[in-house]
Amino acid sequence: MSDLLFLIIAIPLASSALLLVGGRFTDGWGHLLGALAPVASFVLGLVAFFELEGGSEESLHQHLFTWIQAGSFNVNFDLLFDPLSALFVLLITGVGSLIHIYSIGYMEHDERRGRFFAYLNLFVAAMLLLVLAADYLALFLGWEGVGLASYLLIGFWQYKDTAAVAAKKAFVVNRVGDFGMALAIMLMFATFGTMTFEGVSAGMDKVSSGTATALGLLLLLGACGKSAQVPLQSWLLDAMEGPTPVSALIHAATMVTAGVYLVTRSNYVYAQSDTAQTAVIVVGLVTLLWGAVIGCAKDDIKKVLAGSTMSQIGYMMLAAGIGPAGYAFAIFHLLTHGFFKANMFLGAGSVMHAMDDDVDMRRYGALRAALPVTFVTFACGYLAIIGFPGFAGFWSKDKIIEAAFGQNLIVGIGALIGAGVTAFYMTRLMIMTFVSEKRWAKGVHPHESPLVMTIPLMVLAGLSVFGGVLLLNGWIVDWLEPVVGPEVHQDLPIPALAISLLVLALVVAGVVVAWMLYARQRIDAVAPYRVSPATRAARADLYGDAFNEAVFMRPGQYLTRSMVYVDNRGVDGAVNGLAALVGGTSGRIRRWQSGFVRSYALSMLGGSALIVLALLAVRLS
Amino acid sequence: MTGSEMSVPWLTILAVLPLVGAVAVMLLPRRDPDQAALPKQIALGFSLAAFAVSLVIALKYDSGDSRFQFVEQHNWIEAFGAHYAVGVDGLGLLLVLLTTILTPVVILASWRDADDGRWSVNSFFAWMLALEGLAVGVFAATDVFLFYVLFEATLIPIYFLIGGFGGARRSYAAVKFLLFSLFGGLLMLASVVGLYVVSSDSASGPSYLLEDLMKADISTTTGRWLFLGFFIAFAVKAPMWPVHTWLPEAASEGTPGTSVLLVSVLDKIGTFGMMRFCLGIFPEASRWATPVVVVLAVFSVLYGALLAIGQNDIRRLIAYTSVSHFGFIVLGIFALTSQSQAGAILYMFNHGLSTAALFLVTGFLVSRRGSKMITDYGGVEKVAPVLAGVFLVAGLSSLSLPGLSPFVSEFLVLAGTFTKSITAAVIATAGIVLAALYILLMYQRTMTGPVRESTRHIRDLRPREVTALAPLLLLIVVLGFYPKPALDVLNPTVDSILQHVGVEDPAPTVAADEGGS
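Values in this document were obtained by computation on a predicted structure and should not be read as measured data. (Residues numbered from 1 in each chain as written. Chains lettered and ligands numbered in written order. Predicted model: local features only at pLDDT ≥ 70, side-chain atom pairs only at ≥ 80, totals over all residues.)

Colleague: Please explain the overall build of chain B as it appears in this structure.
Modeller: Within chain B one finds 23 helices and 2 strands. Relative to a compact globule of 517 residues, whose C-alpha radius of gyration would be 24 Å, chain B shows 22 Å and is just as compact. Long-range contacts, defined here as pairs at least 24 residues apart, represent 82% of the contacts in chain B between residues at least 6 apart. (Helix = DSSP H or I, 4+ residues; strand = E, 2+ residues; numbered from the N terminus. Rg over C-alpha atoms; globule rule 2.2 N^0.38 Å. Contact = placed C-beta atoms within 7 Å.)

Colleague: Please clarify how the overall build of chain A should be interpreted in this entry.
Modeller: A count of helices and strands for chain A gives 25 helices and 2 strands. Relative to the globule expectation of 25 Å for 621 residues, the C-alpha radius of gyration of chain A, 28 Å, shows essentially globular dimensions. Taking the principal axes of its C-alpha atoms as reference, chain A extends roughly 95 × 60 × 55 Å. Every one of the 621 residues in chain A was classed for burial, and the buried ones make up 58%. A separation threshold of at least 6 residues defines the contact pool for chain A, and within that pool the share at least 24 residues apart is 80%. (Buried ≥ 20, exposed ≤ 12 C-beta atoms within 10 Å, placed from the backbone.)

Colleague: Honestly, the interface of chain B and chain A in this entry has me stumped. Any pointers?
Modeller: The figure often quoted for interface size is the accessible area lost as the parts come together. The interface of chain B with chain A comprises 67 residues on the first partner and 66 residues on the second. Top element by residues in the side of chain B that touches chain A is helix α8 (residues 170–200) of chain B. It accounts for 13 residues. Taken together, the residues of the side of chain B that touches chain A break down into 39 nonpolar, 21 polar and 7 charged. (Nonpolar A, V, L, I, M, F, W, Y, C, P; charged D, E, K, R; others polar.)

Colleague: Would you mind showing me how to read the environment of Phe50 of chain A here?
Modeller: Checked against the element boundaries, Phe50 of chain A lands in helix α2 (residues 30–54). With 54 residues separating them along the chain, Phe50 of chain A and Ile104 of chain A place their C-alpha atoms 30 Å apart.

Colleague: Is there a simple way to think about the packing of α2 of chain A against helix α4 (residues 113–132) of chain A in this case?
Modeller: The relative placement of two packed helices is expressed as an angle between their axes plus a distance between the axes. Residues and elements named next belong to chain A. In the contact formed by α2 and α4, the axes pass within 8 Å of each other and the chain directions differ by 15°. Relative to α4, the element α2 is oriented roughly parallel. In the crossing of α2 with α4, the sense of the turn from one axis to the other is left-handed. Note on element contacts: α4 touches α2 through Arg113, Gly114, Phe117, Ala118, Leu120, Asn121, Val124 and Leu128, opposite Gly30, His31, Gly34, Ala37, Pro38 and Ser41. Looking at the contact of α2 with α4, its residues break down into 7 nonpolar, 6 polar and 1 charged. (Axes fitted to C-alpha atoms, helices over the stretch in contact; angles between N-to-C directions. Parallel < 35°, antiparallel > 145°, perpendicular 65-115°, else oblique. Left-handed = near helix turned anticlockwise from the far one by under 90°.)

Colleague: I keep staring at helix α5 (residues 136–154) of chain A and nothing clicks. Help me out?
Modeller: Owing to its 3.6 residues per turn, the α-helix aligns residues three or four sequence positions apart on the same side. Spanning 19 residues, α5 of chain A covers 26 Å between terminal C-alpha atoms, matching the ideal 27 Å at 1.5 Å per step. In terms of burial, α5 of chain A is a largely internal element, 19 of the 19 residues being buried. (Expected span 1.5 Å × (residues − 1).)

Colleague: Would you take a moment to explain unusual backbone geometry for this structure?
Modeller: Across the chain, the bulk of peptide bonds are trans and the bulk of non-glycine residues have phi less than zero. Put simply, Val230 of chain A and Pro231 of chain A share a cis peptide bond, and its omega is 10°. Mapped onto the elements, Pro231 of chain A comes out in the loop between α8 (209–226) and α9 (235–238). Positive phi values are uncommon outside glycine, yet Asn473 of chain A reaches one of about 55°. Note that Asn473 of chain A resides in the loop between α20 (451–466) and α21 (475–484). Not every positive phi belongs to a glycine, and Ser400 of chain B is a case in point at roughly 60°.

Colleague: Can you walk me through the packing of helix α16 (residues 338–369) of chain B against helix α23 (residues 484–501) of chain B in this structure?
Modeller: Residue and element names in this part refer to chain B. Packing of α16 against α23 leaves a shortest axis separation of 9 Å and a crossing angle of 130°. Taken together, α16 and α23 sit at an angle that is classed as oblique. Handedness of the α16/α23 crossing: right-handed. Side by side, α16 and α23 meet where Ser338, Gln341, Ala342, Ile345, Leu346 and Phe349 of the first sit next to Ala486, Leu487, Leu490, Asn491, Val494, Asp495, Ile497 and Leu498 of the second. When its residues are assigned to classes, the contact of α16 with α23 shows 10 nonpolar, 3 polar and 1 charged.

Colleague: Please clarify how the pairing of strand β2 (residues 82–88) of chain B should be interpreted in this entry.
Modeller: For a regular strand, side-chain orientation follows a simple rule: the groups alternate between the two sheet faces. Of all 7 residues making up β2 of chain B, 6 are buried, and the element is well covered by its neighbours. Here strand β1 (residues 69–77) of chain B folds back onto β2 of chain B in antiparallel fashion, the turn holding 4 residues, of which Gly81 of chain B has a positive phi close to 80°. (Pairing = 2+ DSSP bridges.)

Colleague: Please explain the confidence of the model for chain B as it appears in this structure.
Modeller: Parts of the model with low pLDDT should not have their predicted coordinates read in detail. All names here are of chain B. Mean pLDDT over chain B works out to 90, with 96% of the residues at or above the 70 mark. In this model residues 1–5 is a low-confidence stretch, pLDDT under 50, and it forms 4 contacts with partners more than four residues away in sequence or in other chains. Within the model, the stretch residues 512–517 combines pLDDT values under 50 with 12 contacts to residues more than four positions away or in other chains. Both scores are available for the predicted complex, with the pTM at 0.92 and the ipTM at 0.92. (pLDDT = per-residue confidence, 0-100.)

Colleague: For this particular structure, what's the right way to read the environment of Val393 of chain B?
Modeller: Residue and element names in this part refer to chain B. Structurally, the position occupied by Val393 is in helix α18 (residues 385–398). On the neighbour-count criterion, Val393 (21 C-beta atoms within 10 Å) is buried. Taking the C-alpha atoms as reference points, Val393 and Ala357, 36 residues apart in sequence, are found 8.9 Å from one another.

Colleague: Would you mind going over helix α15 (residues 327–354) of chain A with me for this structure?
Modeller: The terminal C-alpha atoms of α15 of chain A, which comprises 28 residues, lie 40 Å apart, in line with the 40 Å expected from a rise of 1.5 Å per residue. At the C-terminal side of α15 of chain A, Asp356 of chain A shows a positive phi close to 55°.

Colleague: I keep staring at the pairing of β1 of chain B and nothing clicks. Help me out?
Modeller: Here β1 of chain B pairs with β2 of chain B via 6 bridges, running antiparallel. Bridge pairing in β2 of chain B places Ile77 of chain B opposite Ala82 of chain B.

Colleague: I would appreciate a short explanation of the confidence of the model for chain A in the present structure.
Modeller: Residue and element names in this part refer to chain A. Taken residue by residue, chain A gives an average pLDDT of 88. The fraction at 70 or more is 92%. Across chain A, helix α11 (residues 258–265) holds the top mean pLDDT of 96, while helix α25 (residues 589–620) sits lowest at 46. A low-confidence stretch, residues 582–598 stays under pLDDT 50, and its non-local contacts, those more than four residues away or across chains, total 23 contacts. Contacts of residues 611–621 to residues separated by more than four positions or lying in other chains number 12 contacts, the stretch itself having pLDDT below 50.

Colleague: Would you mind showing me how to read the environment of Phe272 of chain B here?
Modeller: All names here are of chain B. As for its position among the elements, Phe272 is in helix α13 (residues 268–281). As a C-alpha pair, Phe272 and Pro450 span 178 residues in sequence and 44 Å in three-dimensional space. Those residues in contact with Phe272, other than ones at most four positions away along the chain, are Leu91, Leu95 and Phe139.

Dropping the structure here:
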């Protein structure tokens, strides 16, 4: 299998290239090819997984070719299939396949469906490279590849200004993160002379704590961009402009979790720096609350889910920041979240499909009867995310909150509150969409989606219910041990059972409050205007955009405008003046026009004479 | 040199072929623009023949050998010690190839651009071929005097190309360009004369041969003065802040093809000259000047990028991005590490491809709508998806997206710089954020959004236009994933330059145990 690892990436890449070059000629069958590609990769991934699972090797390797070599700088296209990348490969291709299949139905009436599949395949290929690379620079190639795919897909309907702006924003904000990533890689090269995981991990215990902290923080900056963590969170909500399958695949299940992958992959870096670890925890904690608060105030169903994604990735980040006690649970939650959030996003897509692409939950209501399959599958996702006992999210989130308490009481309480808020906003979403009374716009006749869309929903719902089995007998902890080291036992301030009960109590409280506020009262079809400052802040994404605009964009515009002015007048003028002065004519260029040959000859002579004199003077001394 | 005299003078053939073509095209009878296909076909034929010759050279080139290859040497003006001496190493070879790849592309892309020029169609294509021949000579010259003469000679065709065929302010732009170049050339001339004084002092008599000058004993102070003459001339050409102001005018007023030849090929003479002559003849002075040059280069990176963000004229915008990119190249040269210099040479090549693609595709766009202003566009993707797609790929290559060739060179420059100066690398890396802004803002404003009345009738790229752009895009993608052929050629050159300058790469601060490599 080692020799065939490249096919996992090459198949979707080839399919993407074919669809892009083929253009309109692929219209008849392009979507089938596009959907088949990730399935093929999934099968290959499974084969590799079982080889790894059954064999004695800790990882599979494949050397493809040398990418960049200059002096001691040497980067290969080497693939590494180890327990961590194995899980990601299966998540990406597994959930990816389901979303591709769903898209056949969802994008049926779009005239550019072939193009859509080309971009989706490109994404899958890049994401697979990201998790299979054995080297930070090759990882960075995948990292930027998924960024490109994300850009193309957010802006898929780019004839809408909002979509085009959102796409650009996502790319630019991510570039700020890339700035950190790129510097981290340079620092690795300068420090270790290599950028392979193996080399960096081997050298880490010899570096100064300052270097370790710098590396950790720079990687974290990259992770913040890709995973929409505070302070680089602002692009994710706007990214919902993309078609809903994109939101499910890229902006929920896979790409946005790349930051968690990066931190987990670089566990040897964070092991050397408490400061960097603390920074990861703080970012995770702040984001999990930040996203949850935003989720409470949005009426756009996709934006609620996007806020929720931020928040859930915050949980993962938090767990990863805790270190060996948390890595396995970060990845565990990443997987279960991949199941239930993809499930709910696709469910939201199914609802939108039924409601003529309306995303405003204030014009939904009572959809459970009209969309029974969507409702039931969505409900599975809902129960999973709020942590209903037995569902996938229950196991994974519980473990993270427990680890958070093991780390620090404040962190634990923050994670606990997040769970309550999650229960609140998700219940609100359920009530506004599927329960309560009809508030449909005129002419809307909801109908259940076709099987090609509902079957993926059912599969994902099943995974949302049973995803917890990964923790059976501590399987995932043991599985990841070769990569992240053995789980460290933490001393808990209160017993684990008490924590679980506390979580449950807060979840119940969140559900009840939402029930009181939304199921027991009328919901306005138009969002109320007079609301508390807190609601207003949450609706404005906690002023993240306002901050960026005031601190970066406005001054930036002012800076570039004044620089353009100075360049046109000042620099150009000064240089023109200087040139004129040297030539001995007056400042105006036009005058040169008539006599430039003469002045050139003259100044040539003068200049030569000067330099010869200077030389003679130097030689005399 | 005895052995080489027997062999085929490939480089001379390569330089003369386009010049012959230029004369041939010029001598053809002038016709109406409608029937002027013949001179264009002949010009294209000659440029393709030159490309074929350059391919032969590339295939025969031995990348294991860091010395000059295809060497020819004849005495020219013995009193000065000037020779007709040519040869290429990895640096020269890549730039020669860039020239011979871009010229046919530009000729094909400019097929109709001279039809309503002030002067005849024949002269437009003749000047292009002349420029190609002279540029090949510049990149192959291994005699400083020969280099200087060719360096100045390239001004003539480009002056006529800008001044004769282009926008409303083309005369102003052409004269401004010429004045800046002459100013730089003048300083260089002074240094060239200075070199004569130095070398005539030596036992073997005056010689402008690079190999002799590299061995010449030049005193520290003299060397620094002479270095400055060369460096400023190259900085004007490159162009670096603050002597960049001629570029936006020239690049905006010429035809798109002219701008490609100017920015992608001719401006490379500046960075080429820095590596070949500044580092080659004045290693001590180069090390001495490094701090200032690095600061200027980093400043250029950010300055060009910020200015690009503020532009509304598409062509000026691209010109400013080049100021930023040239900042990276100069930074790479003067950071003096194997990575940064390999990156710098590769950057020269990649920037040539990427900027050519950008100039040409935006040229096609502008020719359809008749405006260079970004604000006059919007929604073009919907009506001309192929054009928009090519524009996006070219733009992404300009912002150095990994997977496209400019990323490799930019990252090498930055990684190499980082090992010498963390501050310089960090500031220059901020340029990648600005690059995303200037490219994507332009793309968003022109290509996306609802279709506007003024853009409704823009038609997609014609087969001729696609044919011109396809080789560029193909190279950009292929070299993004597999830059090895280029790196193999240039790495030995970089090694010998650094050895000559007398610097070694800093060792990694921590020696990692590479167990299984």
